[in-house]
Amino acid sequence: MQIWVNGGLRDADAAQVSVLDHGMTVGDGIFETVKAEQGRTFALTRHLARMTRSARGLGLPDPDLDEVRRACAAVVDANPVALGRLRITYTGGLSPLGSDRGDSGPTLVVALGESKRRPDTTAVITVPWTRNERSAVAGLKTTSYAENVVALARAHERGATEALFGNTVGALCEGTGSNVFVVLDGELHTPPLASGCLAGITRELVVEWTGAQESELPLDVLERADEVFLTSTLRDIQAVHRVDGRELTGTPGPVTAKAMRVFDERAASDLDP
């Protein structure tokens, strides 16, 4: 594997970042996950725009997007895979121990891992922990991911692939690495960004392409929704057949199936929508 680290490609065993990097010591960094299929990236422009928003939200310098594009192209070319997870990581760089940043400049790492197409349906659970919609990092895609690691481990223990969070006011928010949509009386809804959820790229495209409504939804909407599905970079649209102990249809419902079809058609026709 060839990995881009601060200006060039390195073999995996030589791709090193200091143990004093602020992303390592305090999670002071951001990242993007981009789908790479047959050597081509999907929606890269939108991912890089969100990367810049996240950097500004953390107070990091704006990333050099020309360099990031060069790095992505180099890594994809050097690591041919049918379907891959292209991971762009951008951190506060070499810094003193503690929360203060150093002045050596940010760190940029780009790596690619092989992936497999997700099943059409999956199981999810809800967890007792909450997203803080008023947090300083609400809606930012940061490397401070321990909360998601804990929740996802709980999901795996219970035979699910994702855990869903409510926020501090009991509204449905998001998954550990996905956004969530529900169907109520034939209408498609997803929590608004004000809920504290990440502005997912796939979420954004689904809203644009299907006309889904952004609606504040109580967490217990999952107990009565006609259909539920997840969106993310590598899931695209994935139907949910079980929420906690509630069984839904074993195949994508009609609204979900239509959204899947629309997404596949639109994405195939434009790799950088």
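Above this note sits the structure.
All figures in this text were calculated on a predicted structure; none of them were measured in a lab.

Caption draft 1: Up close: the overall build of the chain. Helix and strand counts for the chain stand at six helices and 15 strands. Against the compact-globule benchmark of 19 Å for 273 residues, the chain has a radius of gyration of 19 Å, which places it among compact chains. Sorting the 273 residues of the chain into buried and exposed places 49% on the buried side. Partitioning the contacts of the chain with sequence separation of at least 6, the portion at a separation of at least 24 is 69%. Accessible surface for the chain amounts to roughly 12700 Å². Of this, 50% is attributable to carbon and sulfur atoms.

Caption draft 2: How the structure looks around the layout of surface pockets. Here the largest pocket is characterised by a volume of approximately 1200 Å³. The set of elements that each furnish at least two residues to the lining of the largest pocket consists of strand E3 (29-37), helix H2 (44-58), strand E5 (83-91), strand E7 (121-131), helix H4 (146-157), strand E9 (172-175), helix H5 (201-210) and strand E13 (227-232). Examining the composition of the lining of the largest pocket, we find that five residues originate from one element, H4, more than from any other. Residue classes in the lining of the largest pocket are distributed as twelve nonpolar, 25 polar and 13 charged. Taken as a whole, the second largest pocket holds about 310 Å³ of empty space.

Caption draft 3: A look at empty space enclosed by the protein. Under the criterion given, the structure shown has three cavities of 30 Å³ or more. Approximately 50 Å³ is the volume attributed to the largest cavity. Looking at side-chain class alone, the lining of the largest cavity contains three nonpolar, three polar and two charged residues.

Caption draft 4: Just the pairing of E9, in detail. Examined bridge by bridge, strand E8 (residues 162-167) and E9 share three bridges and lie antiparallel to one another. Counterpart to Phe-165 in the pairing with E9 is Glu-174. Counted between consecutive antiparallel strands, the loop separating E8 from E9 contains four residues, among which Gly-170 sits at a positive phi close to 80 degrees.

Caption draft 5: Main features of the pattern of salt bridges. Per the stated rule, a full pass over the model turns up 13 salt bridges. For Arg-46, the salt bridge goes to Glu-208, with nearest N and O atoms at 3.0 Å. Remark: Glu-208 occurs in helix H5 and Arg-46 occurs in helix H2; sequence separation between them is 162 residues. Overall, the relative accessible area of 18% leaves Arg-46 in the buried class. With a closest N to O distance of 2.5 Å, Glu-147 and Arg-131 form a salt bridge. Pair noted here: Glu-147 is in helix H4 and Arg-131 is in strand E7, with a separation of 16 residues, a long-range link. Overall, the relative accessible area of 41% leaves Glu-147 in the partly exposed class. Each of Arg-46, Glu-204 and Glu-208 takes part in salt bridges that share partners, so that together they form one network.

Caption draft 6: Structural context of the sheet that holds strand E1 (residues 2-5). Read across the sheet, six strands follow the order E2-E1-E6-E5-E3-E4 without closing on themselves; strand pairing throughout is antiparallel. With partners counted over all chains shown, the strands left at the sheet margins are strand E2 (8-11) and strand E4 (40-41), one partner each. Across eight bridges, E5 lies against strand E6 (residues 107-114) in antiparallel orientation. Paired with Leu-86 across the two strands is Leu-112, which belongs to E6. Across the sheet, H2 lies against E3, E4, E5 and E6, angled at about 175 degrees from E3, the strand it touches most.

Cut-offs applied
Residues numbered from 1 in each chain as written. Predicted model: local features only at pLDDT ≥ 70, side-chain atom pairs only at ≥ 80, totals over all residues. Heavy atoms only, no water. Helix = DSSP H or I, 4+ residues; strand = E, 2+ residues; numbered from the N terminus. Rg over C-alpha atoms; globule rule 2.2 N^0.38 Å. Buried < 20%, exposed > 50% of the residue type's maximum accessible area, 1.4 Å probe, protein only. Contact = heavy atoms within 4.5 Å. Areas by Shrake-Rupley, 256 points an atom, 1.4 Å probe, with all protein chains shown as cover. 1 Å grid on protein atoms, 1.4 Å probe; cavity = no way out; pocket = protein on both sides within 12 Å on 5 of 7 lines; lining within 4 Å. Points joined across faces, edges and corners; volume = space filled by probe spheres on them. Nonpolar A, V, L, I, M, F, W, Y, C, P; charged D, E, K, R; others polar. Pairing = 2+ DSSP bridges. Salt bridge = Lys/Arg side-chain N within 4 Å of Asp/Glu carboxyl O. Axes fitted to C-alpha atoms, helices over the stretch in contact; angles between N-to-C directions.

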